[in-house]
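Structural description and commentary
The primary structure of each chain is shown beneath.
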Amino acid sequence: MSGATKHTVTGEARRARPSIGQEVGLSLALLLLDLLVMAWLFYGYGITAWADGYATPGSREAPGVARQAVWVLAGGAVVTGGGLLALRRPVAGAFQLLVLGTAAAFFADLASR
């Protein structure tokens, strides 16, 4: 066995964990994508709520759009946050769970109105 193929336990453990800078960079990049998705969902909700103002009473569609947004955001939180945690990216995974989970709670509040 040559010296180039030897691996130490500390060397493997050091490579398995990403640096904090990589975690923060990944978190910020994903935050931009999250904000785009949240803006798109909020725009859809706003347009639907605006249109509900011209609809007959009792036929509101905006709460249904908000419920769909809850499912999209909660599913995104589980998939991206859980996936990043499984890939040993704890900072980015927890950040995704926090951001998308909070947005899902916001839309859940809109759906209950």
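Anyway, here's the lowdown on the structure attached to this text. Remember, predicted model here, so these are calculated numbers, not experimental data. (Residues numbered from 1 in each chain as written. Predicted model: local features only at pLDDT ≥ 70, side-chain atom pairs only at ≥ 80, totals over all residues. Heavy atoms only, no water.)

1. Focus: the environment of Leu 84
Take Leu 84: it is sitting in helix H3 (residues 62–86). Taking the C-alpha atoms as reference, Leu 84 lies 9.9 Å from Phe 95; in sequence the two are 11 residues apart. When near neighbours in sequence (up to four residues on either side) are disregarded, Leu 84 contacts Leu 26, Leu 30, Arg 89, Ala 92, Gly 93 and Gln 96. (Helix = DSSP H or I, 4+ residues; strand = E, 2+ residues; numbered from the N terminus. Contact = heavy atoms within 4.5 Å.)

2. Some thoughts on helix H4 (residues 90–111)
Between the first and last C-alpha of H4 there are 31 Å, a value that for 22 residues agrees with the 32 Å anticipated at 1.5 Å per step. Within H4, burial applies to Ala 92, Gly 93, Gln 96, Val 99, Leu 100, Ala 103, Ala 104, Phe 107, Leu 110 and Ala 111. Seen along its axis, H4 keeps its buried residues to an arc of 140 degrees; they face one direction. Tucked inside the fold, the buried residues of H4 contact helix H2 (20–52) and H3. (Expected span 1.5 Å × (residues − 1). Buried < 20%, exposed > 50% of the residue type's maximum accessible area, 1.4 Å probe, protein only. Arc of directions from axis to C-beta.)

3. Considering the side chain of Asp 52
As for its placement among the helices and strands, Asp 52 is situated in helix H2. Residue contacts for Asp 52: discarding those within four places in its chain leaves Ser 59, Arg 60, Glu 61 and Ala 62.

In short, the description is geometric, and any link to function would need to be established separately.
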